[in-house]
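Read off the chains here:
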Amino acid sequence: MSTLLEVKNVTKRFGGLVANDDVSFSVGRGQIVGLIGPNGAGKTTMFNCVAGYFAPTQGEILLDGQAVHGLPPERCAQVGIGRTFQVARTFTSMTACENVMVGALMLSRNTAIARSKAMELLEFVGLARHADRAAGTLTVSEQRRLAVARALALKPKLLLMDEVMAGLNPTEVREAVDVVLKIRGQGISCLIVEHVLEGIMPIADRIVVLDYGKKIADGTPAQVSQDERVIAAYLGE
Ligand SMILES: Nc1ncnc2c1ncn2[C@@H]1O[C@H](COP(=O)(O)OP(=O)(O)OP(=O)(O)O)[C@@H](O)[C@H]1O
């Protein structure tokens, strides 16, 4: 399996605070990798570095062997890094379909093509029947899936998903898990920040654990869940 994303010795400082401390890990093509760790561990900061919202203070980030660190978010999106946000940034008064069209229009200026692509993606995430509803009237779970559809409209090679399962009931977590598996089924790699461990552990190929900015474990879900440092980090939370 070839490497798609490579994070090499990334450090991100905010003044004196080291949010990511010499972190290295990789995401293989078609892999689901979970990025977990207690609150404040540096997960969102790492996402922001990979997606171009922050330039790392030190270190390198490569996609398909090409350096992407320091590129602005729109360039990262163009080279194949898609993302969803922790707080879904839905355009609430626009319909679900129009929200996804916003993504699709970045690739095609033709509204008919963008609409048909948006409908295809709404079907993919199980929201086709809500296409004409104002996005703000959808449930939290549906809005998260809408955000995923919007990110997919940009045809990412790698999709970064920030807490798509938080606050969902068990049925909704299963629906979110199914969408992640379908995304991988399309050959798209997924890097997922998640506190809902029962959602991510069964489907991740690998889990990377951060604590106080440092990587403390990296392995299969079975390996990391038995790792003493991981257990201590979570018990200490
Ligand atoms: N823009 C910023 N400016 C200053 N400090 C920041 C900034 N963003 C994050 N931090 C700090 O960096 C550290 C890591 O935060 P980050 O949000 O990456 O953690 P996290 O693992 O995503 O946490 P959570 O699970 O609570 O979302 C925290 O101490 C946080 O206060």
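Residues numbered from 1 in each chain as written. Predicted model: local features only at pLDDT ≥ 70, side-chain atom pairs only at ≥ 80, totals over all residues.

### Examining the overall build of the protein
Right, on to step 1. Across its full length, the protein carries nine helices and 10 strands.
Right, on to step 2. A globule of 237 residues ought to have a C-alpha radius of gyration of about 18 Å, and the protein, at 17 Å, matches this closely.
Right, on to step 3. Seen through its C-alpha atoms, the protein measures out along the principal axes to roughly 50 × 40 × 35 Å.
Right, on to step 4. Expressed as a percentage of the 237 residues in the protein, the buried residues total 43%.
Right, on to step 5. Taking the intrachain contacts of the protein between residues at least 6 apart in sequence as the baseline, contacts between residues at least 24 apart amount to 64%. (Helix = DSSP H or I, 4+ residues; strand = E, 2+ residues; numbered from the N terminus. Rg over C-alpha atoms; globule rule 2.2 N^0.38 Å. Buried ≥ 20, exposed ≤ 12 C-beta atoms within 10 Å, placed from the backbone. Contact = placed C-beta atoms within 7 Å.)

### Topic: the site of the ligand
Right, on to step 1. Taken together, Phe14, Leu17, Ala19, Gly37, Asn39, Gly40, Ala41, Gly42, Lys43, Thr44 and Thr45 are the residues near the ligand.
Right, on to step 2. Elements with a minimum of two residues in the shell around the ligand: β2 (17-28) and α1 (43-50).
Right, on to step 3. With three residues, α1 is the single largest residue contributor to the shell around the ligand.
Right, on to step 4. Of the residues belonging to the shell around the ligand, the class tally is four nonpolar, six polar and one charged. (Near = placed C-beta within 6 Å. Nonpolar A, V, L, I, M, F, W, Y, C, P; charged D, E, K, R; others polar.)

### Points about the environment of Glu98
Right, on to step 1. Following the sequence through the fold, Glu98 ends up in helix α3 (residues 96-104).
Right, on to step 2. Spatially, the C-alpha atom of Glu98 lies 8.2 Å from that of Ala131, the residues being 33 residues apart in sequence.

### Some details on the packing of α3 against helix α5 (residues 140-152)
Right, on to step 1. At a closest axis distance of 7 Å, the pairing of α3 and α5 adopts a crossing angle of 30°. Classified by the interaxial angle, the pair formed by α3 and α5 is roughly parallel. Between α3 and α5 the crossing geometry is right-handed. Packed against α3, whose contacting residues are Ala96, Asn99, Val100, Val102 and Gly103, the element α5 presents Leu146, Ala149, Arg150 and Ala151 at the interface.
Right, on to step 2. Within the contact of α3 with α5, the residues separate by chemical class into six nonpolar, two polar and one charged. (Axes fitted to C-alpha atoms, helices over the stretch in contact; angles between N-to-C directions. Parallel < 35°, antiparallel > 145°, perpendicular 65-115°, else oblique. Left-handed = near helix turned anticlockwise from the far one by under 90°.)

### Things to note about the environment of Phe85
Right, on to step 1. Along the chain, Phe85 turns up in the loop between β6 (81-83) and α3.
Right, on to step 2. Taking the C-alpha atoms as reference points, Phe85 and Gln226, separated by 141 residues in sequence, lie 30 Å from one another.
Right, on to step 3. Residues in contact with Phe85, not counting those within four places in the same chain, are Ala147 and Asp162.

### Quick look at the confidence of the model for the protein
Right, on to step 1. Within the protein, residue pLDDT values average 93, and 97% of them lie at 70 or more.
Right, on to step 2. Under the prediction, the complex receives an ipTM of 0.96, its pTM being 0.92. (pLDDT = per-residue confidence, 0-100.)

### Remarks on α3
Right, on to step 1. Counting buried positions over the nine residues of α3 gives seven, a clear majority of the element.
Right, on to step 2. For α3, every residue scored as buried is listed here: Ala96, Cys97, Asn99, Val100, Met101, Gly103 and Ala104.
Right, on to step 3. Looking at the buried positions of α3, the neighbouring elements they touch are α4 (111-124) and α5.

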